[in-house]
Amino acid sequence: MKRKFRIIISIILMIGIGISGYIFYAKNKLESDVIEHVMVEMKIPTESIESSEAFIANLPGLRNYMVSIKIENDTNTYFYYKDKNDDIILESYTDENGVEYIIE
């Protein structure tokens, strides 16, 4: 009985660790890809990126994982995601008053 209980707990732990690892990897990979996109495509130097944060947005489909980027001397915060072709897409931005503008 104790042996079955240990096996069940071990399986649950391995599944939990696997899911957590996947989420951690997906967020970090997306964040590094978005930073690279901002640096290369928008020609923003690394020093000008004040902050970046990958997060789970609870939006449908591929917009579930997003990254927010704050750029020096810019009051806006930009939100990016990756589409099915691995292209980085600007989903929306917020201005200094917190008003969100969705890009379509």
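All figures in this text were calculated on a predicted structure; none of them were measured in a lab. The residue count restarts for each chain, going from 1 along the sequence in the order it is written. Only residues with pLDDT of at least 70 get local features here, since the model is predicted, and only at 80 or more are side-chain atom pairs given and counted; chain-wide, interface and lining totals rely on the full set of residues. The basis for the side-chain values is all heavy atoms of the structure; hydrogens and waters are excluded.

What about the nonpolar core?
Selection criterion: What is meant by a nonpolar core is a set of buried Ala, Val, Leu, Ile, Met, Phe, Trp, Tyr and Cys residues, joined one to another through side-chain atoms within 4.5 Å. Using a 1.4 Å probe on the protein chains alone, a residue whose accessible area is under 20% of its type maximum counts as buried, one over 50% counts as exposed, and one in between counts as partly exposed. In this text, helices come from DSSP runs of H or I with a minimum length of four residues, and strands from runs of E with a minimum of two, each type numbered from the N-terminal end. Residue contacts are defined here by distance: any two heavy atoms, one from each residue, within 4.5 Å place the two residues in contact.
With 14 residues, the main nonpolar core has Val34, Val38, Val67, Ile69, Ile71 and Tyr80 as its most contacted residues. Looking at this core, the elements that each hand over two or more residues are helix 1 (2-41), strand 1 (49-56), strand 2 (65-71) and strand 3 (77-82). Isoleucine 69 has contacts with Val34, Ile35, Ile49, Ser51, Ser52, Asn76, Thr77, Tyr78 and Tyr80, leaving out every residue within four places of it along the chain.

Focus: the packing of aromatic side chains
Put simply, the test is: The criterion for an aromatic pair is that two Phe, Tyr or Trp rings (for Trp, the six-membered ring) have centres within 6.5 Å, with stacked assigned to planes under 30 degrees apart, edge-to-face to planes over 60 apart and tilted to the rest.
If you walk through the whole model with that rule in mind, you get 3 aromatic pairs. Summarising the aromatic geometry, the rings of tyrosine 78 and tyrosine 93 are spaced 5.9 Å apart at their centres and angled 35° between planes, so their arrangement reads as tilted. On the criterion of sequence distance, the pair formed by tyrosine 78 in strand 3 and tyrosine 93 in strand 4 (residues 88-94) is long-range, its members being 15 residues apart. Ring centres of tyrosine 93 and tyrosine 101 lie 5.1 Å apart, and the angle between their planes is 25°; this geometry places the pair in the stacked category. Given a relative accessible area of 23%, tyrosine 93 falls into the partly exposed group. Grouping aromatic residues by their ring pairs yields a cluster made of Tyr78, Tyr93 and Tyr101.

Brief notes about the pairing of strand 4
Here is the rule we go by: Following DSSP output, two strands are said to pair if at least two bridges run between them.
Sheet topology places strand 3 next to strand 4; 6 bridges connect them, and they run antiparallel. When the bridges of strand 4 are listed, tyrosine 78 appears paired with tyrosine 93. In sequence, strand 3 turns back onto strand 4 through a hairpin of 5 residues, with aspartate 86 there showing a positive phi of about 65°. Bridge analysis of strand 4 against strand 5 (residues 100-102) gives 3 bridges, and the strand direction is antiparallel. Within strand 5, the position partnered with threonine 94 by the bridge is glutamate 100. Where strand 4 folds back on strand 5, the antiparallel hairpin that results is connected by 5 residues, among which glycine 98 adopts a positive phi of roughly 85°.

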